Amino acid sequence: MPREILINVAEKEKRVALLEDKTLQEFYIEREDSRGIFGNIYKGKVKTIIPGMGAAFVDLGLKKDGFLYVSDIVALPTEYGEINSASLRQRPGGERGKKEEDINKLVKKGQEILVQVIKEPIGSKGVRLTTHISLPSRDLVLMPTDSHAGISRKIQDVNERNRLKKILEELKLPRGMGVIIRTVGQGKEKRELFRSIKYLLDLWQRIKRQSRTSPTPSLVYRELDLALRIIRDSFTEKINKLIVDDQLEYKRIRQFIRSLQPRLLPNLVLHRGGKPLFETYNLEKEINKIFQPVAYLKSGGHIVIEETEGLVSIDVNTGRFIGKKRLEDTVVKTNCEAAAEIARQVRLRGIGGIIVIDFIDMASSRSQRMVLDILRKAFKNDRSKINILPFSEIGLVEITRQRTGPSLADVVYETCPYCRGRGMVRSISTISIDLLYQIRKELLRTKRKMITVVAHHLVVSRLLNEDRGVIVSLERKFRTRITFKEDRDFHLEEYKIK
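On a predicted model such as this, the values are computed, not experimentally measured, just so you know.

Considering the sheet that holds strand E19 (residues 353-358)
Spatially, E16-E17-E18-E19-E21-E20 is the arrangement adopted by the six strands of the open sheet, whose pairing is mixed. Every other strand in the sheet has two partners, leaving strand E16 (294-296) and strand E20 (386-388) as the edge strands with one partner each. Within the sheet, the average angular offset between the axes of one strand and its neighbour, ignoring direction, is 20°. The pairing of strand E18 (residues 311-317) with E19 spans five bridges and is parallel. Within E19, the residue paired with Asp-315 across the bridge is Asp-358. Along the sheet, helix H7 (residues 327-349) contacts E16, strand E17 (302-307), E18, E19 and strand E21 (396-401); its crossing angle with E18, the most-contacted strand, is approximately 150°.

As for the pairing of strand E22 (residues 450-455)
A regular strand places its side chains so that they alternate between the two faces of the sheet. As paired elements, E22 and strand E23 (residues 481-486) share six bridges and run parallel to each other. If you follow Val-453 over to E23, its bridge partner there is Phe-484. The pairing of E22 with strand E24 (residues 495-497) spans three bridges and is classified as antiparallel. Along E24, the bridge assignment pairs Val-453 with Ile-497.

Brief notes about the pattern of salt bridges
The tally for this structure, following the rule as stated, stands at 29 salt bridges. The partner of Arg-182 in a salt bridge is Asp-233, and the shortest N-O contact between them spans 3.1 Å. Placement of the pair is Arg-182 in the loop between strand E12 (178-181) and helix H2 (190-213) and Asp-233 in helix H3 (residues 226-234), with a sequence separation of 51 residues. A salt bridge links Glu-192 to Arg-263, with the shortest nitrogen-to-oxygen separation between them at 3.1 Å. Highlighted residues: Glu-192 in helix H2 and Arg-263 in the loop between helix H4 (247-260) and strand E15 (268-270), separated in sequence by 71 residues. Look at the salt bridges and you will find they share partners, linking Lys-14, Asp-225, Glu-249 and Arg-252 into a network.

Overview of the sheet that holds strand E10 (residues 140-143)
Here four strands make up an open sheet; going across it, the order is E9-E10-E12-E11 and the pairing mixed. Of all strands in the sheet, those bounded by a partner on one side alone are strand E9 (135-136) and strand E11 (149-151). Where E9 meets E10, two bridges bridge the pair, whose relative direction is antiparallel. When the sheet's bridge partners are listed, Pro-136 is paired in E10 with Val-141. Along the sheet, helix H1 (residues 158-170) makes contact with E11 and E12, crossing E11 at roughly 155°. Docked against the sheet, H2 engages E9, E10 and E12, running at close to 35° with respect to E10.

What about the packing of H3 against H4?
Taken N-terminus to C-terminus, the directions of H3 and H4 make an angle of 35°; their axes are 11 Å apart at the nearest point. Seen along the crossing, H3 lies across H4 with a hand that is right-handed. Touching Ala-227, Leu-228, Ile-231 and Arg-232 of H3 are Glu-249, Arg-252, Ile-253, Phe-256, Ile-257 and Leu-260, all from H4. For the contact of H3 with H4, the class distribution of residues is seven nonpolar, no polar and three charged.

As for the layout of surface pockets
Taken as a whole, the second largest pocket encloses approximately 970 Å³ of empty space. In this structure, the second largest pocket is lined by 32 residues; those nearest its centre are Thr-23, Gln-25, Ala-340, Glu-341 and Arg-344. Of all the secondary structure elements, the ones that give two or more residues to the lining of the second largest pocket are strand E3 (23-31), helix H6 (284-290), E16, H7 and helix H8 (365-378). Here the lining of the second largest pocket gets nine residues from one element, more than from any other, and that element is H7. Here the residues of the lining of the second largest pocket sort into 13 nonpolar, six polar and 13 charged.

Thoughts on H1
Here H1 spans 19 Å end to end across 13 residues, near enough to the 18 Å set by a 1.5 Å rise per residue. The set of residues buried in H1 consists of Glu-160, Leu-164, Ile-167 and Leu-168. Along the axis of H1, the buried positions cluster into a sector of 105°, meaning they face one direction only. Those residues of H1 that are exposed and aimed more than 90 degrees away from the buried face are Val-158, Asn-159, Lys-166 and Glu-169. Lining the buried residues of H1 we find E11, E12 and H2. At the exit of H1 stands Lys-172, carrying a positive phi of roughly 55°.

Some details on the side chain of Thr-130
By the secondary structure assignment, Thr-130 is in strand E8 (residues 128-130). For Thr-130, the side chain forms a polar contact with the main-chain oxygen of Asp-72, separated by 3.0 Å. Within the local environment of Thr-130, its side chain forms a polar contact with the backbone nitrogen of His-132, the two atoms lying 2.9 Å apart. Residues in contact with Thr-130, not counting those within four places in the same chain, are Leu-68, Asp-72, Leu-114, Val-115, Gln-116 and Ile-118.

A few points about the side chain of His-302
With respect to the element layout, His-302 can be found in strand E17. On the basis of relative accessibility, which here comes to 18%, the residue His-302 falls in the buried class. Here His-302 is in contact with Val-294, Ala-295, Tyr-296, Leu-297, Asp-315, Val-316, Asn-317 and Gly-319, once residues within four sequence places are set aside.

Side note on unusual backbone geometry
A cis amide bond links Thr-216 to the next residue, Pro-217, at an omega of 0°. By secondary structure assignment, the location of Pro-217 is in the loop between H2 and strand E13 (218-221). With a phi angle near 55°, Asp-21 is a residue other than glycine that sits in the positive phi range. Along the chain, the position of Asp-21 falls in the loop between strand E2 (13-20) and E3. With a relative accessible area of 46%, Asp-21 lands in the partly exposed category. You will see that Lys-22, though not glycine, has its phi angle at about 70°, which is positive.

A few points about the confidence of the model for the protein chain
Confidence along the protein chain averages 87 in pLDDT terms, with 93% of residues attaining 70 or more. Taking the mean pLDDT of every element in the protein chain, the minimum, 84, falls on helix H9 (residues 408-412) and the maximum, 96, on strand E14 (residues 241-244). Per-residue pLDDT stays below 50 along residues 77-99; that stretch engages in 53 contacts with residues further than four places along the chain or on separate chains.

What counts, and at which threshold
- Along each chain, numbering runs from 1 in the same order as the chain's sequence is written.
- For this predicted model, a pLDDT threshold of at least 70 governs which residues receive local features, and a threshold of 80 or more governs which side-chain atom pairs are given and counted, while totals over whole chains, interfaces and linings are taken from all residues.
- To get the side-chain values, all heavy atoms of the structure are used, and hydrogens and water are removed first.
- Two strands are said to pair when DSSP picks up at least two bridges between them.
- Under the scheme used here, helices are H or I runs from DSSP no shorter than 4 residues and strands are E runs no shorter than 2 residues, and both carry numbers assigned from the N terminus.
- Here an axis means a line fitted to C-alpha atoms, over the contact stretch when the element is a helix, while the angle between two N-to-C directions is reported on a 0 to 180 degree scale.
- The contact definition used throughout considers only heavy atoms, calling two residues in contact when any of these lie within 4.5 Å.
- Any Lys or Arg side-chain nitrogen located within 4 Å of an Asp or Glu carboxyl oxygen qualifies as a salt bridge.
- Handedness of each helix crossing follows the sense of rotation of the near helix against the far helix: counterclockwise by less than a right angle gives left-handed, clockwise gives right-handed.
- Under the convention adopted here, Pro, Cys and the residues Ala, Val, Leu, Ile, Met, Phe, Trp and Tyr are nonpolar, Asp, Glu, Lys and Arg are charged, and Gly plus all remaining residues are polar.
- Computed over the protein atoms alone on a 1 Å grid, cavities are sets of points where a 1.4 Å probe fits but cannot get out and pockets are open sets with protein on both sides within 12 Å along at least five of seven lines; a residue lines them when it has an atom within 4 Å of a point.
- Grid points are joined across faces, edges and corners, and a volume is the space filled by probe spheres set on the points.
- To estimate the expected span of a helix, count its residues, drop one, and scale the result by 1.5 Å.
- The buried label goes to any residue with under 20% of its type's maximum accessible area, the exposed label to any with over 50%, and the partly exposed label to all in between, with areas taken from a 1.4 Å probe on protein chains only.
- Taking the helix axis as origin, the arc is that swept by the directions to the C-beta atoms.
- Counting of polar contacts relies on pairs of N or O atoms within 3.5 Å, with two restrictions inside protein: one atom must be capable of donating a hydrogen and the other of accepting it, and residues adjacent in sequence are counted only when both atoms are side-chain atoms.
- The score called pLDDT rates the predictor's confidence residue by residue, from a low of 0 to a high of 100.

Listed below in structure tokens is the structure:
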């Protein structure tokens, strides 16, 4: 199956598309004015400690302070903000539901501390931090503040795991440091892994030097930008082509690949010609579909995807597909198609957190297992951490997917200033009834002889026509005069009583 990575460079943004057999599987956008901070390392200062939440706020020099949970704290050398390692009984990233140590024993207000961003701000939630620093390369991840060593669980071959374990034993890392061999490290020779660890150790030394001389708070290490990050994590021997449509970006990427994986240089291609790269691959229409709530299946069925701040709901429907035999066959086929498409859509849209899928009800547990197997297989190549639970008693499937930043929709769209993110506004009749109530309330309170109501022109029209009788009744009862003034700049739901 041919696999390609396309990088499109525009004036204000970069777009990256990952294709499998000419089908769009992953899509990313990075803009100059909103580059992500996930993976960045900061020299910060502990600003506030909240024992009741087991957390601290850390000043990073950004608009908002970062949030550091007690479970994301590990011991650091004195020069990076000493933490009392004797008080630590739980590995970083552990479940906060378990008994935890008093955060006051670990960090102090005003303390300088080296932290890394593990989750970007999402909605009303701020940046989440850890002192558990991790530095990734293509093949492995160096953990300079944690002595743990391990191998990716996705590498399941016993002989390969034993071979990699022997290499780990020969690495001879400095005391207190750890390493994890990534999935792409499978099959790599010792020489290649040693070269990666040397690169990361040198990088850590540069970060330490930078942190010593930098003021507090400040950024001491910036994660790679989108293009280089994708190349580091995804550009392997399995990628047939890496196509770039900008000369300067092509040269920059070529230099990066030469230092990282020189044997892959022949797979790097500069796109030439008058037709834009994404149009050449007919991707623009596919990209526009990503932002629609409905995704259609080949059979005629469809799935409906609704994102909220807390979770994502996905509903599966047969749509136009009526099948040829039994109802159960129609339902199972639709659910199987939907399972594969849901995994693709989740990756495309950058959806994370809690995902709840409402598959069409199936009669047999065998059919449920078949759908779950397809779902798990479709998520197999997802780089984010995935946990798929079995069907619940009411036929729902719950998935948790690691979320490190905003979804694609959050990057491209903003909350509607008119409906304020609700997706709907109150009806004219509802606004009119509410306004009449407020007028009565005002007249009861003040006994005024005249009031003026300023509102949206559609609301004023309703009050002067359909609701004119109520207005006249109020004027007679309170012996007052009610006048109306239109303001076309008003929000439909906005009004003032003067």
